[in-house]
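An overview of the molecular structure
Listed here are the chains, written in short residue letters.
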Amino acid sequence: MALDLILRNARIGGADAATVDIAIAGGYIFDIGSDIAADVPAEDIGGKLVVAGFVETHIHLDKSCILDRCQSREGTLAEAIAEVAAAKRAFSEDDIYQRARRTLERAILQGTMRMRTHVEVDPRIGLKGFSAIRRLKQDYAWAIDIEICVFPQEGLLNDPGTEELLVAACKQGADLIGGCPYTDSDPHGQIARVFAIARQFDLDIDFHLDFDIDPSRMYLDEVCRCTQATGWGGRVTVGHVTKLSALGSERFAATAKRLADAGVAVTVLPATDLFLTGRDRDYDVPRGVTAAHRLLEHGVVCSIASNNILNPFTPFGDCSLIRMANLYANVVQIGRPSELASCLDMVTTLPAKLMNLRNYGIAIGNPADLVVLDCTDRAGAVAEIVRPLFGMKRGRRTFVCPPARLLRQE
């Protein structure tokens, strides 16, 4: 196959590793080696770090960028759910599309190339969000691969008509099914119904789960039980699980083993978990961010993700997963190079594993989905919150962010 481009002097290992050339042909990585000889266009990237595109496992495109429509006086989870529930009654499909597009383009410019977005489905919003994001998925396929997870934000068994809409979305091509048991009158019942729908359509599952810091009652054990009972190990993810941040070391280790044995992955959402946790405290405020790096030590697959952008759940965000990894590292107080590098793993290789992506990574035969970062090592990328310089999706450049230039005065 004729080569299209060679990226020369790329660094894909540690700072001490030798640089390599990456040869691209037909949108795929054709070869990786030193001094690849070919009479084709080449670009010397000067030893900069190259990573496979960032992977966002948990974001809500459909309800992003609505701060101007909502109040956030208390900053609690209950208030955020209520405010968005009221606002979404006025959403149109085009409105959802335009706001989601704004957020998606920010994510692309930050180097995200794979994404799982959660989309609310219920009798108030119907399938408008699902339809809008499905259009967006098609329109931006040149830059990013999107999975759509439909889920009931305001309950399932206590919300007649919601299950029928979820099933309709699954029939129309939803990529996976989600749940939010803590908003349901029968949390265990919702978990059972979500597993039943997943089995009916052969879909992976992604729950919002255990989103407070009272560990006296958790639904995590029921999710693990259902995962093992149905043989769905490796296909179930739980997001938030902030209750784990309130566990002592022995119970934390036991819970981590339960997750690993069941094959249930965890997504930590630092910005939202920090913003909404501990609102009832006026001193000694808890962080509420689960220690994903400690879960990794027990064999649990973990990712760090953005969750909400510019809405009452999280009234900020620029869609940078490197910034989110840095925030996580600050909150859980880690700083050794190996630990910082693992934070980069939790926005690249580990979320790819969580999403069961079979063709991800810088390897011969994989799609040339590459991001060049303005640094030379993985730990430095997180420590310095470096910006991507450019990205390529299937071998074609999708964005460019020239480095800042100091205008020195003579």
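Before any of the text, the structure's been laid out above.
Reference entry: report on the structure contained in this document. All values derive from a computational prediction rather than experimental measurement. (Residues numbered from 1 in each chain as written. Predicted model: local features only at pLDDT ≥ 70, side-chain atom pairs only at ≥ 80, totals over all residues. Heavy atoms only, no water.)

Once that is clear, we can look at the environment of proline 337. Along the chain, proline 337 falls in helix α11 (residues 337-345). When its relative accessible area of 59% is taken as the criterion, proline 337 is described as exposed. Between the C-alpha atoms of proline 337 and alanine 229, which are 108 residues apart in sequence, the distance is 39 Å. (Helix = DSSP H or I, 4+ residues; strand = E, 2+ residues; numbered from the N terminus. Buried < 20%, exposed > 50% of the residue type's maximum accessible area, 1.4 Å probe, protein only.)

Across the nine residues that make up α11, a large majority, seven, are buried. Listing the buried residues of α11 in full gives Glu339, Leu340, Ala341, Ser342, Cys343, Leu344 and Asp345. Against the buried residues of α11 lie β5 (49-52), β6 (54-59), β13 (302-304), α10 (321-331), α12 (349-354) and α13 (378-383). (Contact = heavy atoms within 4.5 Å.)

A word on the nonpolar core. As a rule of thumb, nonpolar side chains are buried together in soluble globular proteins. Counting residues in each nonpolar core, the largest one holds 111 residues, and the members touching the most others are Val150, Ile177, Phe207, Tyr328 and Leu373. Among the elements that make up this core, the one with the highest residue count is α10 (seven residues). Core analysis: the second largest hydrophobic core is formed by 15 residues, Ile24, Ile29, Val50 and Leu370 among them. (Core = buried A, V, L, I, M, F, W, Y, C linked by side-chain atoms within 4.5 Å.)

It is worth spelling out the sheet that holds β5 at this point. Taking strand neighbours across the sheet as the criterion, the four strands line up as β5-β14-β15-β16 in an open arrangement whose pairing is antiparallel. For this open sheet the edge positions go to β5 and β16 (396-400), each flanked by a neighbour on one side alone. When strand polarity is set aside, the average angle formed by the axes of neighbouring strands in this sheet is 25°. Of the pairings in the sheet, the one linking β5 to strand β14 (residues 370-373) comprises four bridges and is antiparallel in character. Counted as the bridge partner of valine 51 is valine 371 from β14. (Pairing = 2+ DSSP bridges. Axes fitted to C-alpha atoms, helices over the stretch in contact; angles between N-to-C directions.)

Function cannot be read off these values alone, since they describe shape.
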